[in-house]
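Letter by letter, the chains look like this.
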Amino acid sequence: MKETSPLNLYKQLPQTNCQKCGETTCMAFASGLIARSKKIEECPPLVEEKKYAKKLAALKSIIAPELKMVYIGVGDKQLKVGGEDVMYRHQMTFFNKPPFAYDVTDNMEEAKLVERVKKVSTWKKFYIGKWERVEMIAVRSVTDDPAKFAACVKKVMENTDYPLILCSFNPAVLKAGLEVAGKARPLIYAANKDNWKEVAQLANDYKVPVTLSVPFDLDGLKSMAVTFAEMGLTDLILDPGTAPNGKMLQQTLLNFINLRRAAVEEAQRDIAYPVIALPINAWMTTDDPVRAAYWESVLTAAFTIRGAAIMVKHSVEAHSMMPDMHLRFNIYTDPRTPVQVKPGLYKVGNPGAESPVFVTTNFALTYYTVESDIASNGIDAYILSINTDGIGVQASVAGGQLTPVKIKDSMDETGFDWAGQKSAGLVLPGMAAKFSGELEDLFAGKAKIMVGPEDSGRISDWMKSFWPPK
Amino acid sequence: MAGKMTLSDLNKTLSEMNVQSLEGVKIEGDIEIELDAGAGGVGPLFAYYFGQEAAKIAMQLINFAKAVGYPVDALMQPVAVAQAVAPAPAGMVAAAAAAEPAFKVAAQLASAKFSVGTDKTWKLPIQEVTVGATKADGGSRGVVRKLGGEKAMAFFPDAPMPNAPKITMDVFDMPIGMAKAVKMHYEDVMGSPAEWAKKAVNKFGADLVTIHLISTDPLLKDTPPQEAVKVVEDVLQAVDVPICIGGSGNPDKDPILLAKAAEAAQGERALIASANLNMDWEMIGKACKDNGHVCLAWTQLEINSQKELNRKLMKVVGLPRESIVMDPTTAALAYGLDFAYTNMERIRLGALKGDDELTFPMSSGTTNAWGVREAWMVRSPNKEDSDWGDRMLRGPIWEIMTGFTLAMAGVDIFMMMHPMAVSYVHEITQSLMGLIEAKTPDTTGWLKMGV
Ligand code: B12
Ligand code: SF4
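Residues numbered from 1 in each chain as written. Chains lettered and ligands numbered in written order. Predicted model: local features only at pLDDT ≥ 70, side-chain atom pairs only at ≥ 80, totals over all residues. Heavy atoms only, no water.

**Re the overall build of chain A**
For clarity, the threshold we go by: Every helix listed is a DSSP run of H or I at least four residues long, and every strand listed is a run of E at least two residues long, numbered separately from the N terminus. Burial classification: accessible surface area is computed with a 1.4 Å probe over protein chains only, and a residue below 20% of its type maximum counts as buried, one above 50% as exposed, and the rest as partly exposed. The accessible surface values rely on the Shrake-Rupley method and a 1.4 Å probe; as for residues, cover is taken only from the protein chains in view. Residues scored as charged are limited to Lys and Arg (positive) and Asp and Glu (negative), so that His and the chain ends carry no count. Charge placement uses NZ in Lys and CZ in Arg. For Asp and Glu, CG and CD serve respectively.
If you tally the helices and strands in chain A, you get 17 helices and 17 strands. Residue burial in chain A is summarised as follows: out of 470 residues, 60% are buried. Accessible area for chain A stands at about 17,800 Å²; split by element, carbon and sulfur atoms hold 51% of it. Computing the positive centroid from 55 side-chain charges and the negative centroid from 54, chain A places the two 3 Å apart.

Take a look at the structure:
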């Protein structure tokens, strides 16, 4: 969406201020549309009443993202790819984090195949209150044998509901894969200059999104995109080529930047499709698995930052999946919303009269880290989340948002009954150790003030030695 | 339906009935009904999607058309109407698809040219800053390092980057606690800053070294400044690359310490780290100016404080532009990298777009990455996390990703520790500048690759 004035969207709204969308006015709703925090469907009259059909259509075309959004997969695992509006994240936010598709091949031993598919589809890490995962499997045809490929795709689908990328330049192989997986709306990889006619036919027959692969030739890539669009195929993903090293790597990044710029800054609709990156190519540059995995991560970072909408990857080691997932998360975090939790007293597990009260701040990263460290170790406890304007413990102790008086006042506000506690212990973060004396005075014996470890990851060990208080 | 029906009457009636909502159905002058196969989901299937509403309209359309004497049945594709009126039978999707107008593969590829412009809003270049001075310039360094000079965002097509990002490796004036994966590389030199510096340069390829005078911290050894700065001379003797000199972070003592260090290294054009708004920045800035050094202006993830400090160093202290580098603060991967990245990207874009209080090279304290628990903890405190794997491999990549991400935002000099992290950040940044020759494999080869 290039439109920046809510007024122009307001013109296409019912203008009745009926508030069914949850906003007080249509104008406010229009601002929400600009910020993409509201969706058209949230205005019931506009969608339901026939008299607004024309406005609805106009509005839809105004707010369509500059970079086309393509859906891959079906059901609750369906992925949105592309759909971006900006070049830099601070200009609004990036919306759809690029799915990571980990490869399997049709010549893998069955047990290995199943193990790898399971590893990818169950991989998870807790971060800021949620489980983060990766999301796709890319099935590569190494054998070039349609029957083997079909069997492999079938096995993969028996073991995961993650969306797939079917990878081969051989239309017969792709067709065999589509016969098995077609209804699950996989992405096919890829049409190239040799096979595009057959692959276009497949994309049409099975109604699946298709990758156009024209490495290092943006004129050729655009020609193919235009041709496919003219045939009515617009669920396209572009592969401009990913060189893993040398001068061609520089060219790769420049191509990504130029394609993004053409799409979101110059509104060149005929090339405004999501782009696929292939960090997996790092594995063709070395036999050393650590070197390959590290280089793959580095490529992943480059393309996550500069516009890849989907990626094919190989390393499923923790030293790849963890940093890559976090980097993607950080780049796609919405910079417009502060990452805070509501201040107050929270319960973890089933706390009772023997349970500690842990003090922390309302910075979401801090709060959820502490909460997960407590919960995952089966500890029953209270957490007092203090309003430090969303600043973490270490920084808020340094900056003065966390003080003994504030801790005392926040505790009082919760109406917590210390008299009912058999073990009345208030545990400070190790980084706030210096508050303990003053807090002793403030609480005047109502609760014992204890100093926990510096890192909440060590609370479990700390409990063994120090809880209950003597 | 008595009387004559004109085309405009028809259109009017149709528009009252919202025929526009039937995307892909066009009504032309001679009442020709066109089914646009190009629009997604149209074709006979539209009936399925639009249901009874569409059916009613279609029936009205037929009636109107018949009323004005058009051979409707011959013109209309029967599936569209028939199926719209009837409730969708089982297997209808397949049937409708079969009746869809044939998809036609193009005979040949269209010929199109791709072109895109450059960003015309970028007006100012980043100041080029030289760290280190050779004999000819009054110092004793064998090489100097140039930072900055960009005319575009890092690695963008608009203008080539004149100087590759540089790495200065940390050396401490006393043994300190560090993650196991880092410590193993320095155990043998931990007692001697000079040997440590040599190892960093000769073995690990550091472009510069930073001597951190942390023993001056009142909570550590409280070394007096006069004594602490002797180490600076040792390091200058040991290596011939330019150096950075850091304090302990104590806001009361650092200005005195750094002023002394600036004197001790007079003429060497060291990078003095750092002046901060919460300390006597004026004293530090002045020491840089008087002794010919570069001042590192450090603020905490806040663009306006950065402008304020830069302005003060220029206007109050009178530091020349070519003697300022900024450290807008590095928060590590998964622990605030989003703030650090965006803060730096905005600073760099602001500078390029004409804010001359921000047109300075940027520095990153990338070593912060080692503070992150994922970089050093043996296993996850959260029992349900997937296995965290080998921490000896997790740590270095944490430092690499933190540094490289900020290189993309525009950082020109990195303070780093792990040798492997140093070599990867060098390699990727130089690759993206096209400085590294390598035989590139066939980029479609991965499809059949056997790993
Ligand atoms: C990001 C950051 C900021 C951001 C904060 C963003 C935010 N929303 O919090 C900003 C830019 C605002 C900031 C500002 C400042 N910062 Co700052 N900042 C950092 C940084 C880079 C990361 C902090 C972080 O998020 N850590 C992650 C979170 C999860 O950590 P945490 O909240 O402390 O929680 C951990 C522990 O405390 C513990 N824990 C938490 N709760 C509990 C509860 C219990 C019961 C227990 C047992 C344990 C426990 O476990 C958690 C997980 O490990 C650190 C450097 C670093 N460490 O990498 C500096 C750092 C914290 N900042 C520092 C300083 C000095 C400041 C400023 C005062 C600088 C200035 N002069 O202006 C200001 C203060 C501003 C303010 N408070 O208003 C210093 C603190 C020095 C010290 N030892 O006190 C640090 C260490 C940098 C440094 N080396 O100088 N900062
Ligand atoms: S629901 Fe629609 S019409 Fe009602 S106030 Fe919201 S935007 Fe306006």
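**Digging into the site of ligand 1**
Quick reminder of the rule: Near residues are defined by distance, with any heavy atom within 4 Å of the molecule or strand qualifying the residue. Think of it as three bins: nonpolar holds Ala, Val, Leu, Ile, Met, Phe, Trp, Tyr, Cys and Pro, charged holds Asp, Glu, Lys and Arg, and polar takes everything else, Gly as well.
Taken together, 34 residues lie near ligand 1, and Thr 366, Gly 390, Gly 392, Val 393 and Gln 401 of chain A sit nearest. One chain alone does not account for the residues near ligand 1; they come from chains A and B. For the shell around ligand 1, the secondary structure elements donating two or more residues are strand 14 (357-361), helix 13 (364-375), helix 14 (393-399) and strand 16 (425-428) of chain A. Partitioning the shell around ligand 1 into residue classes produces 17 nonpolar, 14 polar and 3 charged.

**Digging into the interface of chain B and chain A**
Basically, it comes down to this: Note on definitions: a residue-residue contact is assigned when non-hydrogen atoms from the two residues lie within 4.5 Å. Two parts lose some accessible area (1.4 Å probe) when they are put together, and adding that loss for both gives the buried area. Salt bridges are counted wherever a side-chain nitrogen of Lys or Arg sits within 4 Å of a carboxyl oxygen of Asp or Glu.
On the side of chain A, 101 residues touch chain B, which itself brings 86 residues to the contact. In total, chain B and chain A occlude about 8,400 Å² of area from one another, counting both sides; carbon and sulfur atoms represent 64% of this. For chain B, the biggest contributors to the area lost against chain A are Phe 103, Phe 114 and Trp 446 of chain B; these three give 10% of the whole. Our count for the contact surface shared by chain B and chain A stands at 9 salt bridges.

**Looking at the pattern of salt bridges**
Evaluated as defined, the whole model comprises 44 salt bridges over all chains. Note that Glu 23 of chain A and Lys 38 of chain A form a salt bridge whose closest N and O atoms lie 4.0 Å from each other. With Glu 23 of chain A in the loop between helix 1 (6-10) and helix 2 (26-34) and Lys 38 of chain A in the loop between helix 2 and helix 3 (44-48), this pair connects stretches of sequence that are 15 residues apart. Here Lys 38 of chain A falls in the buried class, since its relative accessible area comes to 15%. With its nearest N and O atoms 2.9 Å apart, the salt bridge here joins Arg 291 of chain A to Glu 427 of chain B.

**Some details on the site of ligand 2**
Residues and elements named next belong to chain A. Close to ligand 2 lie Pro 14, Thr 16, Asn 17, Cys 18, Gln 19, Lys 20, Cys 21, Cys 26, Phe 29, Cys 43, Pro 44 and Pro 45, which account for all nearby residues. Every element with two or more residues in the shell around ligand 2 is listed here: helix 2 and helix 3. Here the residues of the shell around ligand 2 sort into 8 nonpolar, 3 polar and 1 charged.

**So, the domain arrangement of chain A**
For the record, the criterion: Residue ranges for the domains trace back to a domain assignment, done automatically or taken from a database.
The assigned domain composition of chain A is domain 1 (6-63), domain 2 (69-331) and domain 3 (344-466). A C-alpha centroid distance of 45 Å is found between domain 1 of chain A and domain 3 of chain A.

**Focus: the packing of helix 11 (residues 289-305) of chain A against helix 16 (residues 419-432) of chain B**
To be explicit about the condition: Lines fitted to the C-alpha atoms define the axes, with helices restricted to the stretch that makes contact. Angles between their N-to-C directions range from 0 to 180 degrees. By definition in this entry, angles of less than 35 degrees are roughly parallel, angles greater than 145 are roughly antiparallel, angles of 65 to 115 are roughly perpendicular, and the rest are oblique. Here a crossing is taken to be left-handed if its near helix is turned anticlockwise relative to the far helix by less than a right angle, and right-handed if that turn runs clockwise.
Their axes nearest at 11 Å, the elements helix 11 of chain A and helix 16 of chain B cross at an angle of 50°. If you check the angle between helix 11 of chain A and helix 16 of chain B, you find them oblique. For the pair helix 11 of chain A and helix 16 of chain B, the sense of crossing is right-handed. In this structure, helix 11 of chain A uses Val 290, Arg 291, Tyr 294, Trp 295 and Val 298 of chain A to contact helix 16 of chain B, whose residues at the interface are Met 420, Tyr 424, Glu 427, Ile 428 and Ser 431 of chain B.

**So, the sheet that holds strand 9 (residues 210-213) of chain A**
All names here are of chain A. Applicable threshold: In this description, strands pair whenever DSSP reports at least two bridges between them.
As summarised here, the arrangement of the 8 strands in space is 10-9-8-7-6-3-12-11, forming an open sheet in which the pairing is parallel. Two strands lie at the open edges of the sheet, namely strand 10 (236-239) and strand 11 (276-277), each paired on one side alone. Alignment of strand 11 against strand 12 (residues 310-313), held across 2 bridges, turns out to be parallel. Along strand 12, the bridge assignment pairs Ile 276 with Ile 310. Sheet strands touched by helix 11: strand 3 (100-105), strand 11 and strand 12. Its angle to strand 12, the strand with the most contacts, is close to 175°.

**Let's talk about the packing of aromatic side chains**
Residue and element names in this part refer to chain A. Operational definition: Each Phe, Tyr or Trp ring, with Trp reduced to its six-membered ring, pairs with another whose centre is within 6.5 Å; inter-plane angles below 30 degrees give stacked pairs, above 60 give edge-to-face pairs, and intermediate values give tilted ones. For a Lys NZ or an Arg CZ to count as sitting over a ring, it must be within 6 Å of the ring centre and within 35 degrees of the ring normal.
Under the defined criterion, the tally for this structure stands at 20 aromatic pairs over all chains. Seen from their ring centres, Phe 126 and Trp 131 are 5.2 Å apart, and the 75° between their planes marks the pair as edge-to-face. Judged by relative accessible area, Trp 131 falls into the partly exposed class, the value being 28%. Among the aromatic side chains, those forming a connected cluster through ring pairs are Tyr 382, Phe 416, Trp 418 and Phe 443. We note Arg 36 situated over the ring of Phe 95; from NZ or CZ to the ring centre the distance is 3.5 Å. Sitting over the ring of Phe 443, Lys 408 keeps its end group 5.5 Å from the ring centre.

**Some details on the side chain of Asp 217 of chain B**
All names here are of chain B. If you trace the backbone, Asp 217 turns up in the loop between strand 6 (208-212) and helix 8 (225-228). Of the side chains with opposite charge, Lys 253 comes closest to the buried, unpaired Asp 217, at an N-O distance of 7.4 Å. With near-sequence residues (within four places) excluded, Asp 217 lies in contact with Asp 222 and Ser 248.

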